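What follows is the residue order along each chain.
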Amino acid sequence: MAAVELQEIEKSFGPTAVVKRLSLEVKEHELLALLGPSGCGKTTTLRMIAGLERPDRGVVRLGGRVVDDQASFTQPEQRGLGMVFQSYAVWPHKSVFENVAYPLQLRREGGLEAKVMEALGWVRLAALAQRRPHELSGGQLQRVALARALVGRPKVLLLDEPLSNLDVALREELRGEIASLRAKLGTTMVLVTHDQGEALALADRVAVMNKGVIEQLAAPAEIYGEPATPFVAGFVGGANVLEGVARDGRFFIEGHAFELPGGAKAENGPLTIAVRSEDVAIGAGGPELALQAKLFLGSTTEYRFALGPQVLRATGPAKDALQPSQPAAVSFRAARLFGAR
Amino acid sequence: MKRALVLATALVATVFVPLLALLRHSGAPSTWVSLWLSPQALSALVGTLVSSVGASAVALLFGLPFAWLIVRTDLAGARWLKTLVTLPSAIPPYLWTMGWIALANPRSGWLTLAIGQGTVDVYGLGGIAFVLGTSALPLVVLSTIAAFERIDGSLEEAARLSGASALQTFTSITLPLITPAALSGAALVFVFASASFGVPYLLGVSANPPTPTLTTRIYGEVLMGEAGLSRAAVLSVELLLIAIVVLALNGALAKAGRVRLPRGKGLGQRVLSLGRWRAPASAAAWATAAALIVLPLGAIFLTGLQPTWGQWGSLTFKHWGVVMQPRTLQAIGVSLALALVAAVLVGLLGLAVALTRRRWLETLADAPSAIPGTVLALALLVTFSRDLRFIAFDRIAFVLALGNTFWLLLLSYVVKHLALGVRSSSDALAQADPTLGEAARLSGAGRLRAFVDGIFPQLRGALMGAVLLTFLTCVSELTMSVLLIPTGSDVLGTLLFELQSYADPAAAAVIASALLLVVLAALVLQGVVSRRAEAR
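Residues numbered from 1 in each chain as written. Chains lettered and ligands numbered in written order. Predicted model: local features only at pLDDT ≥ 70, side-chain atom pairs only at ≥ 80, totals over all residues. Heavy atoms only, no water.

Student: Any chance you could explain the overall build of chain B here in plain terms?
Tutor: From N to C terminus, chain B includes 23 helices and 2 strands. Here the C-alpha radius of gyration of chain B, 25 Å, is about what a compact globule of 536 residues would show, namely 24 Å. Each principal axis of the C-alpha atoms in chain B carries an extent, and together these give about 80 × 75 × 50 Å. Within chain B, contacts between residues separated by at least 24 positions form 77% of all contacts whose residues are at least 6 apart in sequence. Element-wise, carbon and sulfur atoms account for 68% of the exposed surface of chain B, whose accessible area totals about 24,800 Å². Mean positive and mean negative side-chain charge positions of chain B (36 and 22 charges, respectively) differ by 5 Å. (Helix = DSSP H or I, 4+ residues; strand = E, 2+ residues; numbered from the N terminus. Rg over C-alpha atoms; globule rule 2.2 N^0.38 Å. Contact = heavy atoms within 4.5 Å. Areas by Shrake-Rupley, 256 points an atom, 1.4 Å probe, with all protein chains shown as cover. Lys, Arg positive; Asp, Glu negative; His and termini not counted. Charge placed at Lys NZ, Arg CZ, Asp CG, Glu CD.)

Structure follows, in structure tokens:
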């Protein structure tokens, strides 16, 4: 039985369709990431699971039970969920302890203090239990939010961009903490993020969303290795997505003809290909392109070639003699073909 | 620094030296307490405290629901309702009193006759608290609305996800978060009410039994001449202490800062859909606002059109002749001139203070606004009724005789409202983009020219707002005018006050109607101007 099930969910805000006939199942004990650019509908989808938004059409089930269809609606507080917000949402008028105790107080559960201190222990905040929120850093606030969301042992934990307000070092630290909490508690989690690294590192499965639909739903390795659409290749792999024409086994774009790598076959006609920057070979044959810019990135150097109005990014070794505005022969070592768009 | 010192010296000479003079006039501090505890003074103190607490309660009682309905629900016409319930602060409190006297005096009030005699009586402490509370409604409404708007929507959503119902979320999360702002608004209502003179005079002195407050008691003592003056000074010290204590408590409450709402707009706020309650809730809110605000104003207009006081027959303009009487015209002229000069001075001096960018000077210039008008006026009275002589260079003697002149009145208007000019200028300066002035300098403008072309246009809107507000407050000022007006002269406030309390309520209503029309026209004008500024 799926922990969360969305069936043909639709949601519009005014004239804008934000989520379009979306179906999705989250298995028990799974961490599923909703990954996509801002405005793709991922947060709206999460909020419909929480009951903070109502879908225009479709059914939401939690643990097999209908919590929202057009006829019935279960209030958010009765869904047995936990949620962590991007803005922390730690109540400024309550201490750390009071924040975490709140869900238990509402349920009038016994052993309140022990449970709260245990939850604070999970996020290593037991020493700060009596602090006020304005005395805490962003990372500590988000840990309070995490403890508060988990203290009632929810069946499903919803995470809405939980790390995006934190700086890089804290983000990595908290990412590790979420992973270890999950291992410890086995809670089902739905993570909304625009950070592909976060999604790939944490999730069992990733749903890549774009313009209100799921473009691909698969394990992280598959999403990265075998992107199903040009959008996934571009958004997750950071690949060059190039639109051109295939003719006689060659790929024509902006007047340049590239050999398709590895004897890939393509029917004559419009073709979109995705080429990772590390799969672009420089100085190994192929058409000559003008080097537009050279960005030193530490271990590697990124080269940007002009391809008409498009830009082709290539990664090369850090030390390379290639100079700006110097033409270089460019070819593809590997590419994914998507046919006509 | 030189400019700052000049401004500071002027402030000290016109506000703080007179306050010290008032202290000296009140005799030894050891004698204060026995006077404060005398039965007469004690009943005045009780009157002030009860009516001020009552006013705060009334403002909270109406202000909190209004603020919530306006910000957080899909109430019909919420924006217009906000305009209506924030209107009272633009209209002097004694005008509301006149309206409520016409409505609810125990003999011939409109409501009294409609409901039945003996049911309503606006005179006495209850009436004073009610009128003061409704006329200070905007203080609570605006601060509470601002707090509601700053609550991040996810704070409430987190409570729902924690298992709280909508109602539990409101009581355990939303309400505690807006409480500090609402209480701070209520504290300002208290200070406003305790310093008010016109309302407790009109509703307290002729009440049965008469109910004094500190301000009306001080006024009564001043009328008794030199002997009463020192008692008035002692009571002024008491009134000033009350204001200082309440403002200090309010400041401490704010600084305790257990609840710090993030700056700026709250994100992801949800507007509650009232559903089938929308129509009844909208009707109830609008009816309440109409009863509190439209009704008393309408009563003033109608009183001015009544053929005979107290009888609701055919309407007539015959009372309107009073507007053209020489005494009225003179009072209108004096009020307009004084208010105009005071407003411009408040704008210019406020800008000058803000431009020094010195916090201590801004605090110094802010302080007089917290001094009850009665106290400030009395301080100026005891200081400047005598001629002051200065001798410069051992040769030239100046005689400064401000007592019994309009100069003293003008001085009181300016220092009392200076804070308006200072705050608006300093807020606008803090937001102004200094690079516009720097760009002008690098384009070849001198310092003054760069300020006029680069910086001043960014301050103009806020400054004009402060000038207009000062003008509106001063043109109908009563509390200080009644103590400082030169013998035999009138300003609009004192004329209205005299007509209403002793002579001719119908004539008072006519002048009040004219004043209301001017105020409303000015507000519409300001609305149009600020909307055009927004559109740009």
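Further notes follow.
Student: Explanation requested: the sheet that holds strand β14 (residues 269-275) of chain A in the structure shown.
Tutor: Strand pairs in the sheet, formed through backbone hydrogen bonds, run parallel or antiparallel to each other. All names here are of chain A. Reading across from one edge, β13-β12-β11-β14-β20 is the order of the 5 strands in this open sheet, with antiparallel pairing throughout. Looking along the sheet, the strands with just one partner apiece sit at the ends: β13 (256-259) and β20 (336-337). Bridge count for strand β11 (residues 240-247) against strand β12 (residues 250-253) is 3 bridges, and the pairing is antiparallel. Bridge assignment links V245 to a residue of β12, and that residue is F252. (Pairing = 2+ DSSP bridges.)

Student: How should the packing of helix α8 (residues 137-150) of chain B against helix α10 (residues 166-195) of chain B be read in this particular structure?
Tutor: Packed helix pairs are specified by the crossing angle of their axes together with the interaxial distance, meaning the distance between the axes. Residues and elements named next belong to chain B. It is the contact of α8 with α10, at a shortest axis distance of 8 Å, that shows an interaxial angle of 155 degrees. Relative to α10, the element α8 lies roughly antiparallel. The handedness of the crossing between α8 and α10 comes out as right-handed. Contacts between α8 and α10 involve L139, V140, S143, T144, A147 and F148 from the former and T174, I178, A181, A182, G185, A186, L188, V189 and F192 from the latter. Class assignment for the residues of the contact of α8 with α10 results in 11 nonpolar, 4 polar and no charged. (Axes fitted to C-alpha atoms, helices over the stretch in contact; angles between N-to-C directions. Parallel < 35°, antiparallel > 145°, perpendicular 65-115°, else oblique. Left-handed = near helix turned anticlockwise from the far one by under 90°. Nonpolar A, V, L, I, M, F, W, Y, C, P; charged D, E, K, R; others polar.)

Student: What's the story with the interface of chain A and chain B in this structure? I'm lost.
Tutor: Counting from both sides, the interface comprises 23 residues of chain A and, opposite them, 23 residues of chain B. Taking both partners together, chain A and chain B bury about 2,100 Å²; carbon and sulfur atoms supply 58% of that area. Sorting the residues of chain A by area buried against chain B places E77(A), P92(A) and H93(A) first, and these three jointly supply 29% of that buried surface. Here chain A is connected to chain B by 2 salt bridges. (Buried area = accessible area lost by both parts, 1.4 Å probe. Salt bridge = Lys/Arg side-chain N within 4 Å of Asp/Glu carboxyl O.)

Student: Is there a simple way to explain helix α7 (residues 125-135) of chain B in this structure?
Tutor: Owing to its 3.6 residues per turn, the α-helix brings residues three or four apart onto one side. For α7(B), a buried count of 8 out of 11 residues is recorded, marking the element as mostly surrounded by other parts of the structure. Along α7(B), the residues classified as buried are G127(B), I128(B), A129(B), V131(B), L132(B), G133(B), T134(B) and S135(B). (Buried < 20%, exposed > 50% of the residue type's maximum accessible area, 1.4 Å probe, protein only.)

Student: Explain the side chain of T169(B) here, please?
Tutor: Within the secondary structure, T169(B) sits in helix α10. Among all residues touching T169(B), those that are not within four sequence positions of it are E156(B), A159(B), R160(B), A164(B) and T174(B).

Student: I keep staring at the pattern of salt bridges and nothing clicks. Help me out?
Tutor: A side chain with one charge can pair with a side chain of the opposite charge if their charged atoms come near. Overall, the coordinates contain 29 salt bridges over all chains when judged by the stated rule. Each of R124(A), R143(A), E173(A) and E177(A) takes part in salt bridges that share partners, so that together they form one network.

Student: Got a minute to help me understand the packing of helix α2 (residues 96-107) of chain A against helix α4 (residues 138-150) of chain A in this structure?
Tutor: Residues and elements named next belong to chain A. At a minimum axis separation of 7 Å, α2 and α4 run at an interaxial angle of 25 degrees. The angle between the axes of α2 and α4 places the two elements in the roughly parallel class. The element α2 and its partner α4 pack so that their crossing is right-handed. Where α2 approaches α4, its residues V96, N99, V100 and P103 are matched on the opposing element by V144, A147 and R148.

Student: Would you mind showing me how to read a nonpolar patch on the surface here?
Tutor: Residues L340(B), V341(B), V344(B), L345(B), L348(B) and L349(B) make up a contiguous nonpolar surface patch of about 480 Å² in total accessible area. The residue L340(B) is located in helix α15 (residues 326-355) in this model. (Patch = residues over 30% accessible without salt bridge, like charges linked within 9 Å, V, L, I, M, F, W, Y side chains within 5 Å.)

Student: I'm lost on the domain arrangement of chain A in this one. Help?
Tutor: By convention, interface size is frequently given as the accessible area that disappears when the constituent parts associate. Here chain A is described as being made up of domain 1 (4-228) and domain 2 (239-337). On a C-alpha basis, the centroid separation for the pair domain 1 of chain A and domain 2 of chain A is 40 Å. (Domains from an automatic or database assignment.)

Student: Help me out: how do you make sense of the domain arrangement of chain B in this one?
Tutor: Residue and element names in this part refer to chain B. For chain B, the assigned domains read domain 1 (1-25 + 317-536) and domain 2 (38-315). Using C-alpha coordinates to define each centre, domain 1 is positioned 25 Å away from domain 2. Buried area between domain 1 and domain 2, summed over both chains or domains, comes out near 3,300 Å², and the portion from carbon and sulfur atoms is 78%. In this structure, the connection of domain 1 to domain 2 is made through 0 salt bridges. Scanning the region where domain 1 abuts domain 2 turns up 1 residue pair in polar contact (both at pLDDT 80 or more). Here the side of domain 1 that touches domain 2 gets 14 residues from one element, more than from any other, and that element is helix α23 (residues 505-535). Partitioned by chemical class, the residues of the side of domain 1 that touches domain 2 number 30 nonpolar, 9 polar and 2 charged. (Polar contact = N/O pair within 3.5 Å; in protein donor to acceptor, adjacent residues only side chain to side chain.)

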